[in-house]
Amino acid sequence: MSLDLVIANGLVATASDTFSCDVGISGGRIVSLGHALGPATETIDASGKLVLPGGIDSHVHIAQPSGDGIVMADDFESGTRSAAFGGNTTVLPFCMQEKDQPLRRTLEEYHAKARGKCYTDVAFHLVISDPTDQVLGQDLPALIEDGYTSFKVFMTYEGLALDDRQMLEVMSVARETGALVMVHAENYDAIRFLTDRLERAGKTAPRFHGTSRPVPVEREATHRAISLAELIDVPVMIVHVSNREARDEITRARSRGLKVYGETCPQYLVLTEADMDGLNMEGAKYVCSPPPRDHDSQIACWEGLQNGAFQVFSSDHCPFRYDDPAGKLNPKGRTSFRWVPNGIPGVETRLPILFSEGVGKGRITLNEFVALSATNHAKIYGLSKKGSIAIGMDADIAIWDPEREMTISQSVLHHGSDYTPYEGIKVKGWPVTTIVRGRVVVRDGALEAATPHGEHVARDRSAYAVP
Ligand code: DUC
Ligand code: ZN
Ligand code: ZN
């Protein structure tokens, strides 16, 4: 059989093994692993390079409505292009239900925005903000059956926050259907109280965003989310964990045998609140929730990646432009941090940061890197043909130059934001070629795909949510 593509002479790593072999690809799938694999339409010489499963970023926001006059900086074209440049082959954005909106209509809108625009594959999570009887009884179970097998709920934000009763209701649907619940764990009332108090004291600059949602706000909500999940006996994923105390809630729950999972993100490894010191409005570039905290929190998040408290490392890419009335510097945002849109870009820098700071500095192994960046995402979110290099899997591959030194800078990135919060960070190791289902999307750092051909992927149930 003649192959479409062979990736030759590279060092292949999966979540469990590292080995020298060629990868044979046909029809978008990996069909052979070995040496002298035979004739191929194209051969890529990966000598001196790492051949890794393409990154799966299971937490990104793309083209999400974000409030009056605010526009997210990435549509599906720019967001997935940026993802591909960052060594990713699949992203999982959120499909955000608006109040009173039927879930299927929301989903159709996101599909319409994504169709024909994606450079990587895409699979949507749902966000449940309005758990009506219709949603709980009909729409949500039907969509889970159709392959949208995870959904996020928020414990904070106007128009999004669910109360405890509602959390129990949606968790019950997950229990019955085998879906995975993702939780944004911050205490809504506490944030509102602290925000009002800060504003009354005239403390309105962006750097007070973090003061309005300190560690106990996240720790309490994490504890409560875990307790509610325990009552229903349902697995739960606590997303974007930022600090030791919230992490310890997860560790404690796991040590009691609960199916509690955790995610952390680059901003909690390499940023701290001190990045906003001395900044007035420019502090808005770092406004995200939960906020980056202190050095000890960074250590705790690394430990969580090392010891299994966290199974996934995601970007929480949530891009806004800074110098833009539709972005961070919107007119209301200039009056108080309350109105600065929460979120920072990061889909392109997630993997180089984890590789350089993690593998390069001996904090995690190469195989752990693969698990945290791809394999565990595939298993947890039901992407059964993705996340590994093995015969029969989708040929989703990133070829890395482990020696390449880069300084992260807005000028080298491809996202729609006009800044990166990681400006100036030096990394060693960079993804140079990205292959999605056997097609080269980025080659040697340049866009190769003339048109986007990423597809939506219907997902299986989570391997971690089986009762
Ligand atoms: N939650 C997210 O998951 N992303 C950005 C902002 C937020 O609050
Ligand atoms: Zn969130
Ligand atoms: Zn997010």
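All figures in this text were calculated on a predicted structure; none of them were measured in a lab. (Residues numbered from 1 in each chain as written. Chains lettered and ligands numbered in written order. Predicted model: local features only at pLDDT ≥ 70, side-chain atom pairs only at ≥ 80, totals over all residues. Heavy atoms only, no water.)

## Focus on the coordination of the zinc ion (ligand 3)
At step 1: Surrounding the zinc ion (ligand 3) are the protein donor atoms His59 (NE2), His61 (NE2) and Asp316 (OD), at 1.9 to 2.0 Å.
At step 2: On the primary sequence, the residues serving as donors to the zinc ion (ligand 3) are separated as H-x1-H-x254-D.
At step 3: Its relative accessible area of 5% is what places His61 among the buried residues. (Donors = N, O, S within 2.8 Å, 3.2 Å for Na, K, Ca; no water. Buried < 20%, exposed > 50% of the residue type's maximum accessible area, 1.4 Å probe, protein only.)

## Digging into the sheet that holds strand E2 (residues 11–13)
Paired through their backbone hydrogen bonds, the strands of a sheet run either parallel or antiparallel.
At step 1: Strand order across the open sheet formed by 7 strands is E3-E2-E7-E17-E18-E19-E20, with mixed pairing between neighbours. Every interior strand has two partners, whereas the edge strands, strand E3 (18–20) and strand E20 (446–447), have only one.
At step 2: Relative to strand E18 (residues 426–436), strand E17 (residues 397–407) runs antiparallel, the two sharing 8 bridges. In the strand pairing of E18, Glu405 is matched with Lys428.
At step 3: Packing of helix H11 (residues 350–359) onto the sheet brings it into contact with strand E7 (50–53), E17 and E18, and relative to E18 it is tilted by some 130°. (Pairing = 2+ DSSP bridges. Helix = DSSP H or I, 4+ residues; strand = E, 2+ residues; numbered from the N terminus. Contact = heavy atoms within 4.5 Å. Axes fitted to C-alpha atoms, helices over the stretch in contact; angles between N-to-C directions.)

## A word on the pattern of salt bridges
At step 1: Summed over the entire model, instances satisfying the criterion amount to 34 salt bridges.
At step 2: Here Arg461 ties to Glu145 by a salt bridge, and the two come within 3.1 Å at their closest N and O atoms. Of this pair, Arg461 sits in the segment after E20 while Glu145 sits in helix H3 (residues 133–145), and the two are 316 residues apart along the sequence.
At step 3: For Arg461, a relative accessible area of 32% gives the class partly exposed.
At step 4: Where Arg321 meets Asp324, a salt bridge forms, and the shortest distance between an N and an O atom there is 3.0 Å. (Salt bridge = Lys/Arg side-chain N within 4 Å of Asp/Glu carboxyl O.)

## Some words on the coordination of the zinc ion (ligand 2)
At step 1: Looking at the metal site, the zinc ion (ligand 2) is ligated by Lys152 (NZ), His184 (ND1) and His240 (NE2), spaced 2.1 to 2.2 Å from it.
At step 2: Donor residues binding the zinc ion (ligand 2) come from one chain and are separated in sequence as K-x31-H-x55-H.
At step 3: The metal-metal distance between the zinc ion (ligand 2) and the zinc ion (ligand 3) comes to 4.2 Å. Taken together, the residues Lys152 in strand E12 (residues 150–154) and His240 in the loop between strand E14 (236–238) and helix H8 (244–255) connect sequence positions 88 residues apart.
At step 4: Lys152 gets classed as buried once you look at its relative accessible area, which sits at 1%.
At step 5: Relative accessible area serves as the criterion here: at 1%, His240 is assigned to the buried category.

## Let's talk about the sheet that holds strand E6 (residues 40–45)
At step 1: Pairing within the open sheet is mixed, and its 4 strands lie in the order E5-E4-E1-E6. Either end of the sheet is taken by a strand with one partner, and the two such strands are strand E5 (29–34) and E6. Taken pair by pair, the neighbouring strands of this sheet meet at an average axis angle of 20°, ignoring direction.

## Details of the packing of helix H2 (residues 103–114) against H3
At step 1: Between H2 and H3, the shortest axis-to-axis distance is 9 Å and the interhelical angle comes to 35°. Contacts from Leu103, Arg104 and Leu107 in H2 reach Val135, Asp139, Leu140, Ala142 and Leu143 in H3.
At step 2: Residue composition of the contact of H2 with H3, grouped by class: 6 nonpolar, no polar and 2 charged. (Nonpolar A, V, L, I, M, F, W, Y, C, P; charged D, E, K, R; others polar.)

## Some points on the domain arrangement of the protein chain
At step 1: Considered domain by domain, the protein chain is made up of domain 1 (3–52 + 388–415 + 426–447) and domain 2 (54–367).
At step 2: One C-alpha centre belongs to domain 1, the other to domain 2, and the line joining them spans 29 Å.
At step 3: Contacts between domain 1 and domain 2 engage 33 residues on the former and 26 residues on the latter.
At step 4: Of the roughly 2,300 Å² buried between domain 1 and domain 2 on both sides combined, carbon and sulfur atoms contribute 66%.
At step 5: Across the domain 1-domain 2 interface, the total number found is 1 salt bridge.
At step 6: We note a salt bridge from Asp121 to Arg437, for which the minimum N-O separation is 2.6 Å.
At step 7: In this structure, the connection of domain 1 to domain 2 is made through 9 residue pairs in polar contact (both at pLDDT 80 or more).
At step 8: With 9 residues, the top contributor of residues to the side of domain 1 that touches domain 2 is E18. (Domains from an automatic or database assignment. Buried area = accessible area lost by both parts, 1.4 Å probe. Polar contact = N/O pair within 3.5 Å; in protein donor to acceptor, adjacent residues only side chain to side chain.)

## Let's talk about the pairing of E12
At step 1: Most of E12 sits inside the fold, with 5 of its 5 residues counted as buried.
At step 2: Along E12, one buried face is formed by Ser150, Lys152 and Phe154 and the opposite face, lined by Phe151 and Val153, is buried too.
At step 3: Pairing of strand E11 (residues 125–127) with E12 involves 2 bridges; the strand directions are parallel. Counted as the bridge partner of Leu126 is Phe151 from E12.
At step 4: After leaving E11, the chain enters H3 and then returns to the sheet as E12, a path that is right-handed.
At step 5: With 5 bridges joining them, E12 and strand E13 (residues 180–184) adopt parallel strand pairing. If you follow Val153 over to E13, its bridge partner there is Val183. (Right-handed = clockwise from strand over helix to strand, strands pointing away.)

## Topic: the site of ligand 1
At step 1: His59, His61, Lys152, Tyr157, His184, His240, Ser289, Asp316, Cys318 and Asn342 make up every residue found near ligand 1.
At step 2: Here a nitrogen atom of ligand 1 sits 3.0 Å away from a polar atom, N or O, in the side chain of His61.
At step 3: Within the side chain of His240, one N or O atom sits 3.2 Å away from an oxygen atom of ligand 1.
At step 4: In isolation ligand 1 exposes 240 Å². Once the protein is present, 95% of that is buried.
At step 5: Split into classes, the residues belonging to the shell around ligand 1 amount to 2 nonpolar, 6 polar and 2 charged. (Near = heavy atom within 4 Å. Areas by Shrake-Rupley, 256 points an atom, 1.4 Å probe, with all protein chains shown as cover.)

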